[in-house]
Amino acid sequence: MRNRLKAGFEMFSEFLELAADWNFRDTWMAATAALAAMACAIPGTFLVLRRQSLMGDALSHTSLLGIIGAILFANALRVSGWIDTETYIATRHAVMFVGAMAIGVFSAFMTEWIQKLGRVEASAALGVVFTSLFALGLLLVRSAPSGLHIDPDCVFYGTIETTAISVKGEPPAPAITNGIMLLVNLTLVVLFAKELKISTFDTELSTTMGINARVMHYGLMAVTAATLVAAFESVGNILVIALLIVPAATAHLLTDRYGRLIGIALVVSALSAFLGHLMAITLPAIIFPRLGFETVRDASTAGMMAGTCGMLFLLAVLFSPRHGIFSQFVQRVRLSVKIAGDDLLGLLYRIEEVDMEERQVGAMDLVRKHLGLGWMMSRLAVASLSRNQQIVSDPSGYHLTDIGRESARKLVRSHRLWEAYMAKHFQLPDTHLHETAARVEHYLNPDIRSQLEDELDTPGADPHGRDIPDERHPEGE
Amino acid sequence: MSQAQLDQMRAEHPASSPLSIHDMTVAYQRKPVLWDIDYDAPAGKLVAIVGPNGAGKSTLIKAALDLVPRISGMVMMFGHPYSQQRKRIAYVPQRGSVDWDFPISARQVVEMGLYRKIGWFRPVTKKYRQQAVEALDRVGLVDYADRQISQLSGGQQQRVFLARALVQDADLYLMDEPFIGVDAATERAIVELLRELRSSGKTALVVHHDLQTVSEYFDEVLLLNMRIVAAGPVKEVFTEENLRATYGGKLALLEQVGHRMQLSEMGE
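Along every chain, residues carry numbers that run from 1 in the direction the sequence is written. Whichever chain is written first becomes A and whichever ligand is written first becomes 1, with later ones labelled in order. Reporting in this predicted model follows two pLDDT cut-offs: at least 70 for local features of residues, and 80 or more for side-chain atom pairs to be given and counted; totals over whole chains, interfaces and linings ignore these cut-offs and use all residues. Side-chain measures were taken over the full set of non-hydrogen atoms in the model, leaving aside hydrogen atoms and water.

Q: Is there a simple way to explain the sheet that holds strand β9 (residues 220-224) of chain B in this structure?
A: Residues and elements named next belong to chain B. Strands were regarded as paired on the criterion that DSSP finds at least two bridges between them. Per the convention used, a helix needs a DSSP run of H or I reaching at least four residues, while a strand needs a run of E reaching at least two, with both numbered from the N terminus. If you walk across this open sheet you meet the 6 strands as β6-β7-β8-β3-β9-β10, and the pairing is mixed. The two strands at the open ends of the sheet, each matched to only one other strand, are β6 (89-92) and β10 (228-233). When strand polarity is set aside, the average angle formed by the axes of neighbouring strands in this sheet is 10°. In terms of strand pairing, strand β3 (residues 46-50) meets β9 through 4 bridges, oriented parallel. Looking at the pairing, Val50 lines up with Leu223 of β9. Sheet strands in contact with helix α6 (residues 154-167) are β6 and β7 (172-175), and its direction is about 170° off that of β6. Between N-to-C directions, angles span 0 to 180 degrees; the directions come from axes that are lines fitted to C-alpha atoms, helices contributing only their stretch in contact. Every residue pair with non-hydrogen atoms within 4.5 Å of one another is taken to be in contact.

Q: Which parts of the structure should I look at to understand the packing of helix α14 (residues 301-319) of chain A against helix α15 (residues 325-354) of chain A?
A: Each pair of packed helices gets described by two things: the angle between the helix axes and the distance between those axes. All names here are of chain A. Running from amino to carboxyl end, α14 crosses α15 at an angle of 10°, the nearest separation of the two axes being 3 Å. What the angle tells us is that α14 and α15 run roughly parallel. Contacts between α14 and α15 involve Val317, Leu318 and Phe319 from the first element and Ile325, Phe326 and Ser327 from the second. Here the residues of the contact of α14 with α15 sort into 5 nonpolar, 1 polar and no charged. Roughly parallel covers angles under 35 degrees, roughly antiparallel covers those over 145, roughly perpendicular covers 65 to 115, and oblique covers all other angles. Note on residue categories: nonpolar means Ala, Val, Leu, Ile, Met, Phe, Trp, Tyr, Cys or Pro, charged means Asp, Glu, Lys or Arg, and polar means any other residue, Gly included.

Q: What should I look at first to understand the packing of aromatic side chains in this one?
A: The geometry of an aromatic ring pair is captured by the separation of the ring centres together with the interplanar angle, meaning the angle of the planes. For this analysis, a ring pair means two rings from Phe, Tyr or Trp (six-membered ring only for Trp) whose centres lie within 6.5 Å, classed as stacked if their planes differ by under 30 degrees, edge-to-face if by over 60, and tilted for the remaining angles. Counting across every chain of the model gives 13 aromatic pairs over all chains. Measuring from centroid to centroid gives 5.4 Å for Phe201 of chain A and Phe102 of chain B, while their planes differ by 45°, and the two rings are tilted. On the criterion of chain membership, the pair formed by Phe201 of chain A in helix α9 (residues 193-201) and Phe102 of chain B in the loop between β6 and α3 (106-111) is interchain, its members lying in two chains. Take Phe201 of chain A and Phe102 of chain B: they sit in the same class, and that class is buried. In textbook terms, an aromatic cluster arises when at least three aromatic residues are bridged by ring pairs, as seen for Phe201 and Tyr258 of chain A together with Trp100, Phe102 and Phe161 of chain B. When the NZ atom of lysine or the CZ atom of arginine is within 6 Å of a ring's centre and also within 35 degrees of its normal, the charge is said to sit over that ring. The residue whose ring lies beneath Arg88 of chain B is Phe78 of chain B, and the NZ or CZ to ring-centre distance is 3.8 Å. Above the ring of Phe161 of chain B, the side-chain terminus of Arg164 of chain B is found at 4.2 Å from the ring centroid. The cut-offs for exposure are 20% and 50% of the maximum accessible area for each residue type, with area from a 1.4 Å probe on protein chains only; residues under the lower value are buried, those over the upper are exposed, and the others partly exposed.

Q: Which parts of the structure should I look at to understand the sheet that holds strand β4 (residues 72-77) of chain B?
A: Neighbouring strands of a sheet are bound in pairs by backbone hydrogen bonds; such pairs are parallel or else antiparallel. Residue and element names in this part refer to chain B. The strand order β2-β1-β4-β5 describes an open sheet built from 4 strands, whose pairing is antiparallel. The open sheet terminates on both sides in strands that have one partner only, identified here as β2 (31-40) and β5 (80-81). Pairing of strand β1 (residues 20-28) with β4, which is carried by 4 bridges, proceeds in the antiparallel orientation. Note that in β4 the partner of Ser20 across the bridge is Met76. Across the face of the sheet, helix α1 (residues 3-12) comes into contact with β1, β4 and β5 while running at roughly 70° to β4. Strands β1, β2 and β4 of the sheet are contacted by helix α2 (residues 57-64), whose axis makes an angle of about 115° with β1.

Q: Where do I start with the domain arrangement of chain A in this structure?
A: By a widespread convention, an interface's size corresponds to the accessible area lost as its parts come together. When the domains of chain A are assigned, the result is domain 1 (9-323) and domain 2 (329-455). What counts as a domain boundary in this text is fixed by an automatic or database domain assignment. Centre-to-centre separation of domain 1 of chain A and domain 2 of chain A, based on C-alpha positions: 56 Å.

Q: Quick question: what am I supposed to make of a negative patch on the surface here?
A: All names here are of chain B. Within this analysis, patches are made of residues with over 30% relative accessible area and no salt bridge. Like charges are joined at 9 Å or less; nonpolar side chains (Val, Leu, Ile, Met, Phe, Trp, Tyr) at 5 Å or less. Where accessible areas are quoted, they stem from the Shrake-Rupley method and a 1.4 Å probe; at the residue level, only the protein chains shown are allowed to cover. Salt bridge, as used here: a side-chain nitrogen of Lys or Arg that lies within 4 Å of a carboxyl oxygen of Asp or Glu. Here Asp and Glu are counted as negative and Lys and Arg as positive; His is not counted, and neither are the chain ends. A single reference atom marks each charge: NZ on Lys, CZ on Arg, CG on Asp, CD on Glu. On the surface, a cluster of negative charge is made up of Glu12, Asp23, Asp36 and Asp38. Relative to the elements of secondary structure, Asp38 occurs in strand β2. With a relative accessible area of 40%, Asp38 lands in the partly exposed category.

Q: Would you mind showing me how to read the interface of chain A and chain B here?
A: Counting residues at the interface gives 26 residues for chain A, matched by 36 residues for chain B. Buried area between chain A and chain B, both sides added, is near 3000 Å², and the carbon and sulfur share of it is 61%. In this description, buried area is defined as the sum, over both parts, of the accessible area (probe of 1.4 Å) that is lost when the two are combined. Of all residues in chain A, the largest losses of buried area upon contact with chain B belong to Lys194, Phe201 and Met209 of chain A, amounting jointly to 27% of the total for that side. Applying the counting criterion to the chain A and chain B interface returns 3 salt bridges. Polar contacts, as counted here, are pairs of nitrogen or oxygen atoms within 3.5 Å of one another; within protein the pair requires one atom able to donate a hydrogen and one able to accept it, and residues that are adjacent in sequence qualify only if both atoms are side-chain atoms. Counting the contacts that link chain A with chain B gives 12 residue pairs in polar contact (both at pLDDT 80 or more). At the level of secondary structure, the elements contributing two or more residues to the side of chain A that touches chain B comprise α9, α10 (203-208) and α13 (258-290) of chain A. A per-element tally of the side of chain A that touches chain B places α9 of chain A first, with 6 residues. Classifying every residue of the side of chain A that touches chain B by side-chain character gives 10 nonpolar, 6 polar and 10 charged.

Quick look at the structure:
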């Protein structure tokens, strides 16, 4: 134990030492990565909301063809003398974006077409389109003249470590590209807030109102493709898919509000960029030597970023306030305690009903026996009822308080109303009614109870002949 | 639509009709699902569109709204092509056609009905938010305005859709199965609203599945089964004989010919 603590402490101080080496180079790298991730998170949000995440995967592959095709086309123009070399170099970047956007729209269009023609589902059509266009792109990369400086590694893995370096304090080029892309995307989201919302939520209504959902879809594809191209240089076209989808998916777990969704996705992206880079420069040097790989000292920032995205998503899965595993567990436990407490109240009430003298259940183990509860649950239930002043205990056992009796009466009333209701509408022997009523009684509210009462022919008694208590205590005791 | 076609259509259909359909045929993969629909909706009436599953009820509405392509025929609304009349038409799609897990509130869904009025690029201002809340009040959901839509019951979701149609302040309402899967309170609320719309001179065409309530809720009925079997006032048209013709199976020859059209497309 002691040794472990010591080892842990050593690792932590090693981490602090390595983290202290963080310098302005690291800041620029992380900032570039953050800008790329944030730019991606915006179209990503809409892909996730439209349940078209796979489209992002597809576009990141087909964009390769767009980039290469556009450059080859521009080069062909240069070679045949249509444009001079200067123009070619100046417009090379813009041409790449246009090419990728065109291919993005083309991929979406082809997918719809193949889906219709091949009578297959959308994802199958998408699979056909993006693999073939990607293959075509790879072929073109291979056959491209060597003077074009097309480096497949740059496209696949990203080169943030070598390109995101600030010269003379100026922001590095990829930071500027991604920053502009982020600004463009933010502007588009603000300008087309309503149009994006309605065409995502209700394509048919959107189209009838003159906001053509199809056109919006193609527009989104074009913007996604452009954003991806901007991010390729930094993180590569495979890991970029994580940046596109995961922050949005994380945000979707954390909020039910449309406006907040994009905000949270942006924060998650920025966070994963900085945390990812921090881990890239610290963790490998700590972990790998201990595993016997002395020479491994750092890892790719892009890879760590994608990993961090995944971890943040996992945290959201676990701890999201509404959909999280943890909160659902807490919710379930709370409900179980409430039901156990309800059952105890009902039991005490029924005891009072048959024998006014002995208003108690002796000891804890009696409670457990009567209600079939575990040790833990019976204790939690009793504690919760005592805290709400619904029961009190004295040496002779547990008793209902006035507050408790009031709640218990409503429960028993719910139970018997439900039995009576079932007896009226179901062809079941009376012995079958109790179990269902015991399940349902916890969920009825005054409104439903009064509706049930109105339904019944003899609202005063349940099928076993027992009185159904009134909603309010007759004397207001 | 060319001017000549428009003139021809205007000669045959009353300009006062909220919805005129001229000789419309709609096909899915070459197989006609609606044959030669020719119809004029009466102004200021509640019209039920009734027919068995697969009769083309939803398709009729969608084709009129250009949501699915027509292989022939024309549609006019208040004497003009639909593209010029969008603001006078409100469409209520089937509840199941959207993703109710979408992260927005009931009020935000209703606001969508105002987007056309607000216009491109402009934000939803307080005035419009207020209008949305008022519409929610009219359908009895004002307390649920800020609820996320997945937390509403089926009936409440349908009422949100109705509120969204109300804020559009249209003259013609096209509703696809608004009564399906709703509770009794919602059903009453919808009927109430339809009557209000009628008394302010609006027209509603409603795809309806419950034959029991047709004569109680509606003035007119359009009996549909791949073609119009009968259309007119409920009292005259909603007869046992017409219902038998509507529900007594599809016309065998229409089905056979349609099937052959589909097969020949596939080269068989």
